[in-house]
Each structure stands twice: as C-alpha cells, then as structure tokens.
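One-letter residues, chain by chain:
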Amino acid sequence: DTAVSQTPKYLVTQMGNDKSIKCEQNLGHDTMYWYKQDSKKFLKIMFSYNNKELIINETVPNRFSPKSPDKAHLNLHINSLELGDSAVYFCASSQGTRGAGYTFGSGTRLTVV
Amino acid sequence: AQRVTQPEKLLSVFKGAPVELKCNYSYSGSPELFWYVQYSRQRLQLLLRHISRESIKGFTADLNKGETSFHLKKPFAQEEDSAMYYCALRVGNTDKLIFGTGTRLQVFP
C-alpha cells in the first residue's frame, strides 16, 4: 500500500509541450511538497502546500503551477517545457510536527527533448 | 542564512571499514536535522532524525551544536550501504527541509 504515489514514473516530451505530474498520499498528512532533483543529484524545494494552501513557493518560474484539490493530492503542471526542466521530481508529505520527517514518492523522471 | 553543507561528493571505503559522512549546518534557530538515504533509482527514505537519537542499520548521528555538525557514522560499512546520503535541516516555521548536496557512499567488497 504505497504511502506517497506519483504518476507517471517516466515522462519524455518535446520542448514547448505542457505536462502534468500527479501526487497522492494516503498518510493523512497535512503538508505536501514538490522537490526537484537535478542531474547532479541536488535536491531543491519548489512548493509546499498545507491543507490546500500554498505556503512555500521558491523562486520557481511561472511555467510551474502546483494545484492541490484536497490535502491528499498535490499535482504539478508545467507549461512550455524547456530542456532545463529535465530532472527527477519528487513529491513528499509530512505531518508538519517537530521531529516528523518527510515521506517521499518514488519520483517522476522528466526528460525534455 | 540557512544552509547545509556536505563537503564530500563521494566517499569510497572497503567493506568492514568505518564510515563518517560529514554534515555541517548554518541556522540561527534551534536546528532539527535529518539524514536521508537514496538507494539506486529509489525514493528517498528517512534514515535518522537527531531528535530521536536512534541507531538505524548501524548508523548513528550526533548533533554537535558547538561545531554545527551532524555527521553520520557507522563502525563497519556493508556493501548494501552503498547509496546517496543527504543531510537535511528543517526550518521550523515553514516546515521546509533544506538538503545538502549529498554524498555518494561506495562500499567495495
């Protein structure tokens, strides 16, 4: 029973296209996140939502738009994809309490050609 | 500024050797630190949190506020420990995790 699930696992698309990545958690956590892992394995937070409310937006281009229809879901839509968007995108969730770590999804490997 | 530094990109050891993966942080508040592990092509998994002072898979990490460090240690490395290890700092008021750049641990037989 997967705690944080992302779809799709792999996404290959052409420059200029629009694509979405979906994330769902069944842990009852209040907070969800999107992280980007680049080719050098560097992890950087992009967005965070708490109970459907955006609380972190880290200097991410406007082409990236997160959407949280409810606290169990956080989707990421990307417009006008660029080569530099190629990366692994990880969704995560946490309870937000002291000492609580994040639970990560298995990642979506996005390749823009 | 809030920052996590992992100075080593790659650490290679032989099986049975001791391992220490370094992590230093910069944070003006009360730090909350974690170690995450990512095995090849898998998701990140929480390994340790400083608040619980636990030992997982033989790994331990002690928060040293004087040296602003949270180094990860294991006395005898195993081949299955080969993975990417990330140190992370939780920024309390936003619940944001700031990750270090990661250290790849390679354990040779």
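Everything below is about the structure printed above this text.
Residues numbered from 1 in each chain as written. Chains lettered and ligands numbered in written order. Predicted model: local features only at pLDDT ≥ 70, side-chain atom pairs only at ≥ 80, totals over all residues. Heavy atoms only, no water.

Peer 1: Would you take a moment to explain the state of the cysteines for this structure?
Peer 2: Joining two cysteines, a disulfide is a covalent bond between their sulfur atoms. One pass over the structure, following the stated rule, counts two disulfides over all chains. Through a disulfide, A:C23 is tied to A:C91; the S-S separation comes to 1.9 Å. Taking the torsion about the S-S bond as the criterion, the A:C23 to A:C91 disulfide, at about -80°, is left-handed. Here A:C91 lies in strand 9 (residues 87-94) and A:C23 lies in strand 3 (residues 19-25), a separation of 68 residues in the sequence. In this pair, the class of A:C23 matches that of A:C91, namely buried. Through a disulfide, B:C23 is tied to B:C87; the S-S separation comes to 2.0 Å. Classification of the bridge connecting B:C23 and B:C87 rests on its S-S torsion, roughly -65°, and on that basis the disulfide is left-handed. (Disulfide = S-S within 2.5 Å. Helix = DSSP H or I, 4+ residues; strand = E, 2+ residues; numbered from the N terminus. Buried < 20%, exposed > 50% of the residue type's maximum accessible area, 1.4 Å probe, protein only.)

Peer 1: Is there a simple way to think about the sheet that holds strand 7 (residues 60-61) of chain B in this case?
Peer 2: Whenever strands of a sheet pair, they do so through backbone hydrogen bonds, lying parallel or antiparallel. Residues and elements named next belong to chain B. Pairing in this open sheet of three strands is antiparallel, and the strands run 3-8-7 from one edge to the other. Strands with a single pairing partner mark the edges of an open sheet, and in this sheet they are strand 3 (19-21) and strand 7. Sheet topology places strand 3 next to strand 8 (residues 72-74); three bridges connect them, and they run antiparallel. In the strand pairing of strand 8, V19 is matched with K74. (Pairing = 2+ DSSP bridges.)

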